[in-house]
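Spelled out, the chains give:
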Amino acid sequence: MLITASPMEYLSPSKALADRQPSWHLLVVDDDSAVRHACCEIAMRAGYTVYSADSVEAAQALLRQESIDILLLDLKLPRNNGLVLLEEVKAEQPEMVVIVMTAFASVSSAVEVMRIGANDYLTKPFALDELSMVLERAAQRRHFDAESRMLRERLRTQQGMGNIIGRSSGMEKLYRILSKVAFSTHPVLILGESGTGKELIARAIHFHGPNSAMPFIPVDCGSLVPSLIESELFGYVKGAFTGANRSKEGLLAAAGSGTVFLDEIGELQLDLQAKLLRTLQEKEVRPVGATQAVPMQARVLAATNRDLAAMVEQGQFRKDLYFRLNVVNLKIPPLRERPQDIPLLVAHFLERMQREHGIRYTLSDDVLRIFAAYEWPGNVRELENAVERACALSSGPVLHVGDLPTQVQAFHAQMRRPAMVPGAEGDAGGIAGDGVANGGGIVPIAELEKQAILQTIRQVNGDKLLAAKLLGIGKTTLYRKLKEYGVEEAGDPPPQIH
Ligand SMILES: Nc1ncnc2c1ncn2[C@@H]1O[C@H](COP(=O)(O)OP(=O)(O)OP(=O)(O)O)[C@@H](O)[C@H]1O
Ligand SMILES: [Mg+2]
């Protein structure tokens, strides 16, 4: 549709074109009727809903009535200069994309208009395909801005965003980056302690990107044995090794233009790091035993709770792969650095429990205080687990201290009697007997953590995966801790593909 403020005209874009893309509303402002009509004609053919005005005043009147997405503005207008309109628009509707037309190719005026906020400019006289290109760029930008605003809004209001909860400044910052990276295809490195929500964020990136209909494939590099990781990721050809009775496509190729999420990337062995780097650089996958590579379109997201930069320093992680993956990184802050998110998360988990059990749970005052003060070394997963466990164990709708996991109860005992060794008075459900007091009778958090881990493993008869689940920590973290304590048993954790 072409509406001109003066004189009024009406034209309708061809239906096929209008159906092809969202019809952005474009306003052409130029006092030269020949240029104005030519611009309108081209834009209309490209599928825009077009309005036009021959003066700043007419444009201002139109802008008050219509919602305009893109403004094509001649700077040299009678009476009121186009710059006035540009400044006005940028102050009042900063999301509008403005393309400025100038009659002279003066670099300084181009710099000036970009500084004031024009997104692009055309120097008169210009060729029609130049105009088409600039309009196309403007439409892309408008589309991108609209999508990221919508995504930000959804993140803020927690609607359909994979349920990422949190309004702390750390999380807000994360949402801003997330809304941008979701639309690109670069690798993203997601960093954060165990249980901070790395996988949740990876899924959000995928499911809010342009290829959300394609598969999202998580691969846990921490629990698969290296030979299995290689054949899973890259695939193999028949006869590549004993038992390879038929060829198998690797996940990097099978994902198509979807996403492969390499969880615990810090655990990947050096030779596989080299192979992954080659794959990312050349965008092709070479299956084990194959002479030919196959093209790869998948996006790769990686996550780790390890300090990759330090691992690079120590020669445990390839520097070139680190740089390749680290084009964009998302650091998820630990829960203890964003205590204001705890009540929101608890409310979210309680709501979920209410849906599942049909009971409207609340926390006792003691539990509220503990939740706010506890350090949550296992982060959101530990909090989620504590809430779920308390709901499962509680005898009524109010959750009490006795319903909390051992390590949180131990912390509570510590809070109440800082001079006592926890369990010394037979604290029900607390850590009894194993407490090791230092000088002032205070048990360091690390020691409490160790006791909680070892005791839980004992309680579940050595089932480490179950113990990790109950403790609200990742299995890789559990294995690492056991290694630190020097009590790790021989053998890899069982292979597992999600
Ligand atoms: N911001 C959040 N809002 C809601 N739930 C969250 C949030 N962060 C994490 N969770 C929940 O906490 C649990 C752990 O999250 P996730 O598995 O993504 O963590 P992780 O960082 O990958 O942990 P690990 O390093 O142990 O693998 C999941 O159940 C997830 O849904
Ligand atoms: Mg994870």
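Our structure's up above, just so we're on the same page.
Residues numbered from 1 in each chain as written. Chains lettered and ligands numbered in written order. Predicted model: local features only at pLDDT ≥ 70, side-chain atom pairs only at ≥ 80, totals over all residues.

J.: Can you help me understand the overall build of the chain in this one?
T.: What the chain contains, in helices and strands, is 20 helices and 17 strands. Taking all 498 residues of the chain together, 39% fall into the buried category. Taking as baseline every contact in the chain between residues at least 6 positions apart, the subset at least 24 positions apart corresponds to 66%. (Helix = DSSP H or I, 4+ residues; strand = E, 2+ residues; numbered from the N terminus. Buried ≥ 20, exposed ≤ 12 C-beta atoms within 10 Å, placed from the backbone. Contact = placed C-beta atoms within 7 Å.)

J.: Would you mind going over the environment of Lys469 with me for this structure?
T.: Here Lys469 lies in helix α19 (residues 464-471). Owing to 17 C-beta atoms within 10 Å, Lys469 belongs among the partly exposed residues under this scheme. When the C-alpha positions of Lys469 and Arg381 are compared, they lie 9.0 Å apart, and in sequence the two are 88 residues distant.

J.: Just checking my understanding: could you explain the nonpolar core for this structure?
T.: When a protein is soluble and globular, its nonpolar side chains tend to lie buried together. Counting 45 residues, the largest nonpolar core has Ile190, Leu252 and Val260 as its most contacted members. No other element matches helix α7 (residues 169-181), which puts 5 residues into this core. If we ignore the near neighbours within four places in the chain, the residues touching Ile190 are Lys198, Ile201, Ala202, Leu301, Ala303, Leu330 and Ile332. Counting residues in hydrophobic clusters, the runner-up holds 40 residues, among them Ala118, Leu135, Ala138 and Ala139. (Core = buried A, V, L, I, M, F, W, Y, C linked by C-beta atoms within 7 Å.)

J.: Is there a simple way to explain the site of ligand 1 in this structure?
T.: Residues in close proximity to ligand 1 total 19 residues, the closest being Gly197, Lys198, Glu199, Val380 and Gly474. At the level of secondary structure, the elements contributing two or more residues to the shell around ligand 1 comprise α8 (198-207) and α16 (379-393). Split into classes, the residues belonging to the shell around ligand 1 amount to 5 nonpolar, 10 polar and 4 charged. (Near = placed C-beta within 6 Å. Nonpolar A, V, L, I, M, F, W, Y, C, P; charged D, E, K, R; others polar.)

J.: I would appreciate a short explanation of the pairing of strand β5 (residues 97-102) in the present structure.
T.: On any regular strand, side chains alternate: one points to one face of the sheet, the next to the other face. For β5, the buried fraction is high: 6 of the 6 residues fall into the buried class. Judged by which residues are buried, β5 turns out to be covered on both faces: Val97, Ile99 and Met101 on one side and Val98, Val100 and Thr102 on the other are all buried. Note that strand β4 (residues 70-74) and β5 share 5 bridges and pair parallel. Bridging across to β5, Leu71 finds its partner in Val98. The pairing of β5 with strand β6 (residues 120-123) spans 4 bridges and is classified as parallel. Bridge pairing in β6 links Thr102 to Thr123. (Pairing = 2+ DSSP bridges.)

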